[in-house]
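Residues per chain, in single letters:
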Amino acid sequence: MTRLCATSLAAIKQGVAVPDYDRAAITPGIVHLGIGAFHRAHMAVYVDDLLKDQPNWAIVGASLRRPDTKDALEPQDGLYTIAVRDAAGTHPRVIGSILKVLDANSEREELLALMASPQIRIVSLTVTEKGYCHDPATGELDQRHPDIAYDLANPTAPKSAPGMLVEALARRHAAGITPFAVMSCDNLPSNGATVKRIVSRLASLRDASLGEWVADKVAFPGTMVDRIVPSTTDADRATVAELIGADDAWPIMTEPFTQWVIEDNFPDGRPAFERAGAQLVEDVEPFERMKLRMLNGSHSTMAYLGYLAGHEYVSDAMGDPAFVALIRGLMSEEVMPTLDMPGTDLGAYRDQLLERFANPALKHRTWQIAMDGSQKLPQRLLGTIRDRLAAGQSIERLSLGVAAWMRYVMGIDEKGENIDVRDPLAMRMMAISAGAGGDPEELYEGLVGLTEVFGDDLADNEVFGADVVEHLDSLFDVGAAETVREIVG
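Residues numbered from 1 in each chain as written. Predicted model: local features only at pLDDT ≥ 70, side-chain atom pairs only at ≥ 80, totals over all residues. Heavy atoms only, no water.

**With respect to the overall build of the protein**
Tallying secondary structure elements over the protein gives 21 helices and 13 strands in all. For a compact globule of 489 residues, the expected C-alpha radius of gyration is about 23 Å, and the protein comes in at 23 Å, within 12% of that figure. In terms of overall dimensions, the protein has a C-alpha envelope of 65 × 55 × 45 Å along the principal axes. Looking at the protein residue by residue over its 489 residues, the buried ones come to 59%. At a minimum sequence separation of 6, the contacts of the protein that also span at least 24 residues come to 76%. Side chains of the protein carry 45 positive and 72 negative charges; the gap between the two charge centres is 6 Å. (Helix = DSSP H or I, 4+ residues; strand = E, 2+ residues; numbered from the N terminus. Rg over C-alpha atoms; globule rule 2.2 N^0.38 Å. Buried < 20%, exposed > 50% of the residue type's maximum accessible area, 1.4 Å probe, protein only. Contact = heavy atoms within 4.5 Å. Lys, Arg positive; Asp, Glu negative; His and termini not counted. Charge placed at Lys NZ, Arg CZ, Asp CG, Glu CD.)

**Side note on a negative patch on the surface**
A surface patch of like charges, here negative, comprises Glu396, Asp439, Glu441, Glu442, Glu445, Glu470, Asp473, Asp477 and Glu486. Those elements giving two or more residues to the negative patch turn out to be helix H18 (440-448) and helix H20 (462-477). Structurally, Asp477 can be placed in helix H20. On the basis of relative accessibility, which here comes to 63%, the residue Asp477 falls in the exposed class. (Patch = residues over 30% accessible without salt bridge, like charges linked within 9 Å, V, L, I, M, F, W, Y side chains within 5 Å. Areas by Shrake-Rupley, 256 points an atom, 1.4 Å probe, with all protein chains shown as cover. Salt bridge = Lys/Arg side-chain N within 4 Å of Asp/Glu carboxyl O.)

**Structural notes on the state of the cysteines**
Throughout the structure, instances matching the rule amount to zero disulfides. Cys133 carries a free sulfur, and the closest cysteine sulfur to it, the one in Cys185, is 18 Å from it. (Disulfide = S-S within 2.5 Å.)

**Focus: the side chain of His364**
Within the secondary structure, His364 is located in the loop between helix H13 (346-357) and helix H14 (366-370). When its relative accessible area of 9% is taken as the criterion, His364 is described as buried. Those residues within four positions of His364 in sequence are excluded, and the remaining contacts are Ile228, Val229, Pro230, His299, Glu312, Tyr313, Val314 and Ile369.

**A short note on the packing of aromatic side chains**
The relation between two aromatic rings is expressed through the spacing of the ring centres and the mutual angle of the planes. Per the counting criterion, the structure on display carries eight aromatic pairs. Their ring planes at 85° and their centres at 5.3 Å tell us that Tyr307 and Tyr408 sit as a pair that is edge-to-face. Taken together, the residues Tyr307 in helix H10 (residues 285-308) and Tyr408 in helix H16 (residues 396-408) connect sequence positions 101 residues apart. Here Tyr408 falls in the buried class, since its relative accessible area comes to 1%. Chaining the aromatic ring pairs together yields one cluster made of Tyr46, Trp260, Phe266 and Phe273. (Phe/Tyr/Trp six-rings, centres within 6.5 Å; stacked < 30°, edge-to-face > 60°.)

**A look at the sheet that holds strand E13 (residues 279-281)**
Here we have three strands laid out as an open sheet, ordered E10-E12-E13, and mixed in their pairing. Since the sheet does not close on itself, it has two edges, and those belong to strand E10 (223-226) and E13, each with one partner. Looking at each pair of strands side by side, their axes are set apart by 15° on average, direction ignored. The pairing of E10 with strand E12 (residues 259-263) spans four bridges and is classified as antiparallel. Within the sheet, the bridge partner assigned to Met224 lies in E12 and is Val261. Contacts from H10 reach E10, E12 and E13 within the one sheet, and its direction differs from that of E10 by about 35°. (Pairing = 2+ DSSP bridges. Axes fitted to C-alpha atoms, helices over the stretch in contact; angles between N-to-C directions.)

Dropping the structure here:
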């Protein structure tokens, strides 16, 4: 079977949507750092919808760590398939908005030169929480991070995403070129303000005047992004090849739902994102908090409990009525009261999330969601917990999510088999777990001492500690599935 590429595009099976514009006529206006599956299921699709009328907003992507995406897409001329799955089947579409992908390790100078050029008006990011080299508990730049230390010593050849941004902005500043807008599409609380703080601080450490210019002149629009994107499997590749009539090395599987809320702050212009279905607002933070706490907090809770209970996929966990009751109660009783969203039907949003989680066609692995929990917990669960504690309210379900994370990062499942814990703090956490010797209170005391996760306050909160330790006792004693059943009654 032929491979998907520009020359094979005309031979794609009839009925499969393909770009409705001349790809030879489009030019880049956006550089995207961290061009993984989520970006290609989300922002790249919105841009693809707009290129027929706005051809100067195409995307050049950059892989910061591994060249996997470049290796997959380069022989395909940047083309790839997005396959939307629901109960009715799998619906493919070929996306053409990505002109090329650069490997930041081997093509760093080409990437920086492009970011510094006037044609690039937006640099967007999906580098995951850990890619910002910050302290998740405070949102501040982690100056001790090895990549930040390297970038300060080698500012013109940076490794980190913040370092790339600062160097490209420094070049534009020196050349008198208008700065690009920096648009984070990652799950960070107040992501625009947080990234501004990180990048401005790194710039000021390099040069005080550069730091002032970044803080004063560079726009950091906040966003809320939402679409569930499982990892692609070989079976998915085979399915897509059959549907489109060509091999695609890295198709993207996703759900029908997609949402993008954007702070309208782009001094040098932007695509008409609203024409593609995005919502442009003055303040994105309430939407972001809603999504982080309701969707992402529920997802993480399900991931740790579900994995421990033997559920490979989120939809498997949602096949257990006890898990459905737990997550519904988590959102209804503990999360929704912390949200101030006039004009938004939070109950309808909750029900929509429950339906999405239960989608059997979307094979979203609990293990995938469980990755990098030390970076995710502060914004997904701990912020809500702090609000509830301050109001003297129950945190029974929220604290179960934290306890399940603590049990998971021990690296041994309920059958005594190893868990492949993927996390920047994995080695420290497993050392703490080993020192605890299976004692729930010792495990809690060790892990809550990770101030970059829990800050300085939660370790001293007796209600938080008592709840988490009680749940840990149950997780050790009867396991995750029975613990969930006991909580929901």
